[in-house]
Structure formats: C-alpha cells, structure tokens
Amino acid sequence: MTIGRVRPAVAAMPSYRPGKDAKQAEAEHGITDAIKLASNENPMPPIAGVVEAIAAAAAGINRYADHRATAMRAALAAQLGVAAEAVTVAPGSSGILQQLFLTFVDAGDEVVYPWRSFEVYPVYTQLVGGTAVTVPLVDHIVDLDAVADAITPSTKLVFLANANNPTGTAVTTAQLAEFCARVPDDVIVCVDEAYREFADPALGDPVTDLLPRFPNVIVTRTFSKAAGLAGLRVGYAIAHPDLIASVDKTQAPFAVNALAQAGALAAIDHQAEVDARVAVLLAERSRVVAALTDLGWAPPTSQANFVWLDTGERTDGWFVELERRGVVTRPFTGEGIRVTISTPEENDRFLAAWADVTSG
Ligand SMILES: *Cc1c(COP(=O)(O)O)cnc(C)c1O
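Everything quoted here is computed from the prediction, not taken from an experiment.

1. Topic: the overall build of the protein chain
Along its length, the protein chain carries 14 helices and 12 strands. Structurally, the protein chain occupies a C-alpha span of about 55 × 55 × 50 Å along its principal axes. Counting over 360 residues, the protein chain shows a buried share of 51%. Looking at the protein chain, you have 27 positive and 42 negative side-chain charges, and the mean spots of the two groups are 6 Å apart.

2. What to know about the nonpolar core
Judged by nonpolar contacts, the single largest core of 79 residues is most densely connected at Phe179, Phe223 and Phe350. Inspection of this core shows a minimum of three residues originating in each of domain 1 (8-45 + 272-358) and domain 2 (60-270). Not counting residues up to four positions away in its chain, the partners in contact with Phe223 are Met72, Leu76, Gly228, Leu229, Ala230, Val234, Tyr236, Ala264, Ala267 and Ile268. In terms of nonpolar packing, the next biggest core, distinct from the first, is built from 23 residues, Val111, Tyr124, Phe159 and Ile218 among them.

3. Observations regarding the environment of Val328
Looking at the secondary structure, you find Val328 in strand 10 (residues 327-328). Residue Val328 is classed as buried on the basis of its relative accessible area of 0%. Separated by 291 residues in sequence, Val328 and Leu37 have C-alpha atoms that sit 5.6 Å apart. Here Val328 is in contact with Lys20, Ala22, Ala25, Ile35, Lys36, Leu37, Ala38 and Glu323, once residues within four sequence places are set aside.

4. Section: the packing of aromatic side chains
Following the criterion strictly, the structure yields 14 aromatic pairs and no others. Residues Tyr113 and Trp115 carry aromatic rings whose centres are separated by 5.9 Å and whose planes lie at 65° to one another, so their mutual orientation is edge-to-face. Members of the aromatic cluster, joined through ring pairs, are Phe101, Tyr113, Trp115, Phe118, Tyr121, Tyr124 and Phe159. Sitting above the plane of the Phe332 ring, Arg330 keeps its charged end 4.4 Å from the centroid. The ring centre of Phe306 lies 5.8 Å from the NZ or CZ of Arg338, which sits over that ring.

5. Describing the domain arrangement of the protein chain
What the domain assignment reports for the protein chain is domain 1 (8-45 + 272-358) and domain 2 (60-270). Each of domain 1 and domain 2 has a C-alpha centre, and these two points are 24 Å apart. At the interface, 28 residues of domain 1 touch 27 residues of domain 2. Carbon and sulfur atoms supply 60% of the area that domain 1 and domain 2 bury against each other, a total of about 2,300 Å² over both sides. Interface area lost by domain 1 to domain 2 is led by Met13, Val274 and Gln303, which between them contribute 25%. Our enumeration of links across domain 1 and domain 2 arrives at two salt bridges. Residue Glu335 pairs with Arg116 through a salt bridge whose shortest N-O separation is 3.0 Å. Remark: the boundary between domain 1 and domain 2 carries 12 residue pairs in polar contact (both at pLDDT 80 or more).

6. Section: the side chain of Glu110
With respect to the secondary-structure elements, Glu110 resides in strand 3 (residues 110-115). Buried charge Glu110 goes without a salt bridge, the closest partner of opposite sign being Lys156 at 11 Å. If sequence neighbours within four positions are ignored, Glu110 has contacts with Thr131, Val133, Thr152, Ser154, Thr155, Lys156 and Leu157.

7. Looking at the site of the ligand
Lining the immediate environment of the ligand, one finds Gly92, Ser93, Ser94, Phe118, Asn165, Asp192, Ala194, Tyr195, Thr222, Ser224, Lys225 and Arg233. Here an oxygen atom of the ligand and a side-chain polar atom of Ser94 are 2.3 Å apart. Within the side chain of Ser224, one N or O atom sits 2.6 Å away from an oxygen atom of the ligand. A class-by-class count of the residues in the shell around the ligand yields three nonpolar, six polar and three charged.

8. A look at the pattern of salt bridges
For side chains bearing opposite charge, pairing can occur when the charged atoms are close. Summed over all chains, the structure comprises 18 salt bridges. A salt bridge links Arg182 to Asp149; the nearest nitrogen and oxygen atoms lie 2.6 Å apart. Residue Arg182 is found in the loop between helix 8 (173-181) and strand 6 (188-192), and its partner Asp149 is found in helix 7 (residues 144-149); the two are separated by 33 residues along the sequence. Put simply, Asp348 and Arg287 hold a salt bridge, and the shortest N to O gap is 2.9 Å. Taken as a pair, Asp348 in helix 14 (residues 344-359) and Arg287 in helix 12 (residues 271-294) lie far apart in primary sequence, 61 residues in all. Looking at Arg287, the relative accessible area reads 32%, which means it is partly exposed.

Cut-offs used in this document
- Residues numbered from 1 in each chain as written.
- Predicted model: local features only at pLDDT ≥ 70, side-chain atom pairs only at ≥ 80, totals over all residues.
- Heavy atoms only, no water.
- Helix = DSSP H or I, 4+ residues; strand = E, 2+ residues; numbered from the N terminus.
- Buried < 20%, exposed > 50% of the residue type's maximum accessible area, 1.4 Å probe, protein only.
- Lys, Arg positive; Asp, Glu negative; His and termini not counted.
- Charge placed at Lys NZ, Arg CZ, Asp CG, Glu CD.
- Core = buried A, V, L, I, M, F, W, Y, C linked by side-chain atoms within 4.5 Å.
- Domains from an automatic or database assignment.
- Contact = heavy atoms within 4.5 Å.
- Phe/Tyr/Trp six-rings, centres within 6.5 Å; stacked < 30°, edge-to-face > 60°.
- Lys NZ or Arg CZ within 6 Å of the ring centre and 35° of its normal.
- Buried area = accessible area lost by both parts, 1.4 Å probe.
- Salt bridge = Lys/Arg side-chain N within 4 Å of Asp/Glu carboxyl O.
- Polar contact = N/O pair within 3.5 Å; in protein donor to acceptor, adjacent residues only side chain to side chain.
- Near = heavy atom within 4 Å.
- Nonpolar A, V, L, I, M, F, W, Y, C, P; charged D, E, K, R; others polar.

If you want it as structure tokens, here you go:
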C-alpha cells in the first residue's frame, strides 16, 4: 500500500538494499564463519585514539554539534594546504554527492557519468528527476573523451569516480585537466576520490593539480574507507570557496554529528596510524592481484581497496558458490564481481574459495 501522493520519481525507485552481511549469508546457507568482502570497508578495527575521542565526545551530546564543523574544516584545510572556506563536510561523501544534486539539478537537467560506476549517481539523478547520460567504460577505464562529448547545454553535473567503483581503475590528473579544459565552466565536475589513499600518488592530486585552474571542479573524499570509519558517516569536499558556499546551503541542519566530528578530528591527528593500515592493505592488494593473475584472473589495475573480476554471465552463479564457502562478495549481474581487499586471513579465504569455484 502506498500512503500519500508519493512523487512519481520516488514511486518508481526500488528500495535501497544494502549488500548482504556475513550473518545473513550464514543463516541462508547454514554455515558459520562467513566473511564480508562486499562493501569496501576497512577490515581493521578503528584506531584507539579515534574510539577514545568519540567516547569523550559522547559526554556532550545533549548539545547540538557545531553545524559548520569549524574545527574539522580547519584541520582538513591545514592538512590539505587550502583555505578553510574551500572545504566542506557531510555525513559521508555520499552526503556531499546528494547536496550537489540539490544544488544544481532541476527536473530534466542532464547528469553525465561513466557506467558502470558508483551506484549512488543513478539513484540521486532519479530522485531529483534529472536525466542520466551514461558513457560506457572502455577496458574497464573511464573514457574521458566520450564523457566530454556527452556534455550538452542541459548538462549540470559530471561525476567521475577516480578510482572507479567497481572496476578500480583510475586516470591521471593530467588526463583530468585535459578533460576539464573541454568542459564548459558552468558545468560542475565532481572528482569522487573515495579511495584516494589507495591510489598511486604518481597519478597526481586534483586538489593541487586541478582546483587552482578549474573553479567548476569539486573533489570529494571520505573517512569511510582508508580511515576505517564507515559507520561514523563523515566525508568532505574541496573546491573554490564560492562553490563550497552554494553547496553548503543545501546541508541538513547539524548533519555531521558531534561523535562523527570528534572521530574524524582524531583520525586526522592519528594520520600515521591510518597510513600504516593503508600500507598493510596495499601490500595485501599486491598479493591478491598476483595470486589472481597466477590463476588466470588478472584484474584491471586497481587503485582502490578492491579488485574487479570480469566474470560476465557466470557472475551470479559464482557469487552464490563463493557465498556457500562463506565469502560474501559484491556481484553485478552479467558483468563481474567486486571483492574488497581485507586482512591476510580473509584474503586467503577468498583466494581458496575462488580457486575452488573457478576450477569446478
Ligand atoms: C564508498 C564510496 C563513496 C562514499 O562513501 P561514504 O561512506 O558516503 O563516504 C563515494 N564514492 C564512491 C565511488 C564510493 O565507492
């Protein structure tokens, strides 16, 4: 039963279904010890200093938090070498993505993004009644020329996940600069860097390489993946202060809660510990890629904490077979399987299950 006059755009949308967790898979298959490699989370527990900061902040949650998250913006600005006015924060970087739609997209406006890519782009486009214009990947990589060709006078926003989710591939900031030079300056280009910390620094940094030249570019990042704070919901964006000011108008009141602000600030203070965890995951990524390559399943070059397996029509069957062996991955029917890089033990579980499933 539908109650009330739900907007047609919303009525037409499927309900959000998050990836299965390990417990659900255990119940479904009557197994124990299932592991979840489905949501690109950091498998390591949060840094002790972050947990302590959150616990301390909990004592003050009878008060509203600082709506502008002034301390967080200042800390991020200092870390990035930009003005505090060039930074904003949100409940996860998907919060910022949603604000970009609210800021720029009216019904009928076009939103351009490569496909396949992050599943939030089509959802938010549909939610605001925008028109999605998708551009196929070429060899699992974003085709920047084709994306530029797809821009029309109706285009308001372009989303480029770099690294791309779910294929893991990334382009350089030199390539992005060439692309941005072709984009009209009233079209906003969002460079979604949720996996920044896992990318080769030689690919360049859009904050230094793009923002000074292109005031229509906004870079989004998150504490969810590398910093391991997915459950806390904190993301941020860097752009020209005038663009940030527009985006800030669409922020929900007190959107980044007090615990999230405290936790994120502590993560910035403990950057060396975050970096050490990233180093462990990068070493594991190399090991997993080498093992998959030996098995004849070399993934496209990953600049993120996951790998893409090009399983095509076998995707759904193999996904279930992996799940039966207690390894929960993320399937994209008819296309491929995305597997999150985890601890050495969990990666070994995956590799053993993969060898078993694909040899059968
Ligand atoms: C995970 C992810 C995000 C954001 O996640 P948040 O938890 O909302 O910060 C954004 N973009 C891409 C491409 C992602 O994979």
